[in-house]
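Listed here are the chains, written in short residue letters.
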Amino acid sequence: MDGRRGHLLGAERHAAVGVGPGVRPGGHCVVLRGRLNLTDDGTAVLDFDGTQILLDLADPLPEGVAGTWVELFIEREKIALYPSGL
């Protein structure tokens, strides 16, 4: 995985063209924009305006990516929501 593109949850990840969280349709996919972070135990999360979205990574994040704004391009068929128990 290089610094521009990788696979997360069957998604492509790109450096965001802007900053700030967002959701938009992207043709055959949904685009989520947020700040990519790592927790203390190494779990990847997308900070979406204060809401933490846990990511299941296929590969470790490249160095220097944590804390940057990214866009996830996720195929609509691969999106699922699960209750968090809050």
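Structural data are supplied above this passage.
Residues numbered from 1 in each chain as written. Predicted model: local features only at pLDDT ≥ 70, side-chain atom pairs only at ≥ 80, totals over all residues. Heavy atoms only, no water.

As for the nonpolar core
Okay, step 1: Core analysis: the largest hydrophobic core is formed by 10 residues, namely Leu32, Leu36, Ala44, Leu46, Leu55, Leu61, Val65, Val70, Leu72 and Ile74.
Okay, step 2: Mapped onto this core, the elements with two or more residues apiece are strand 4 (29–38), strand 5 (44–48) and strand 7 (69–75).
Okay, step 3: Tallying contributions element by element places strand 7 first for this core, with 3 residues. (Core = buried A, V, L, I, M, F, W, Y, C linked by side-chain atoms within 4.5 Å. Buried < 20%, exposed > 50% of the residue type's maximum accessible area, 1.4 Å probe, protein only. Helix = DSSP H or I, 4+ residues; strand = E, 2+ residues; numbered from the N terminus.)

A look at the pairing of strand 7
Okay, step 1: Of all 7 residues that make up strand 7, 5 are buried, and the element is covered over most of its length.
Okay, step 2: Summarising the sheet, strand 4 and strand 7 pair through 7 bridges and their orientation is antiparallel. For glycine 34, the partnering residue across the bridge sits in strand 7 and is valine 70. (Pairing = 2+ DSSP bridges.)

Comments concerning the environment of arginine 33
Okay, step 1: Along the chain, arginine 33 turns up in strand 4.
Okay, step 2: For the pair formed by arginine 33 and glycine 22, sequence separation is 11 residues and the distance between their alpha carbons is 4.9 Å.
Okay, step 3: A distance of 2.6 Å separates a polar side-chain atom of arginine 33 from the backbone oxygen of glycine 20.
Okay, step 4: For arginine 33, the side chain forms a polar contact with the side chain of glutamate 71, separated by 3.4 Å. (Polar contact = N/O pair within 3.5 Å; in protein donor to acceptor, adjacent residues only side chain to side chain.)

Remarks on the environment of asparagine 37
Okay, step 1: Of note, asparagine 37 is situated in strand 4.
Okay, step 2: Judged by relative accessible area, which is 21%, asparagine 37 ranks as partly exposed.
Okay, step 3: When residues no more than four places from it in sequence are discounted, the contact partners of asparagine 37 are Thr43, Ala44, Val45, Asp47 and Gly67. (Contact = heavy atoms within 4.5 Å.)

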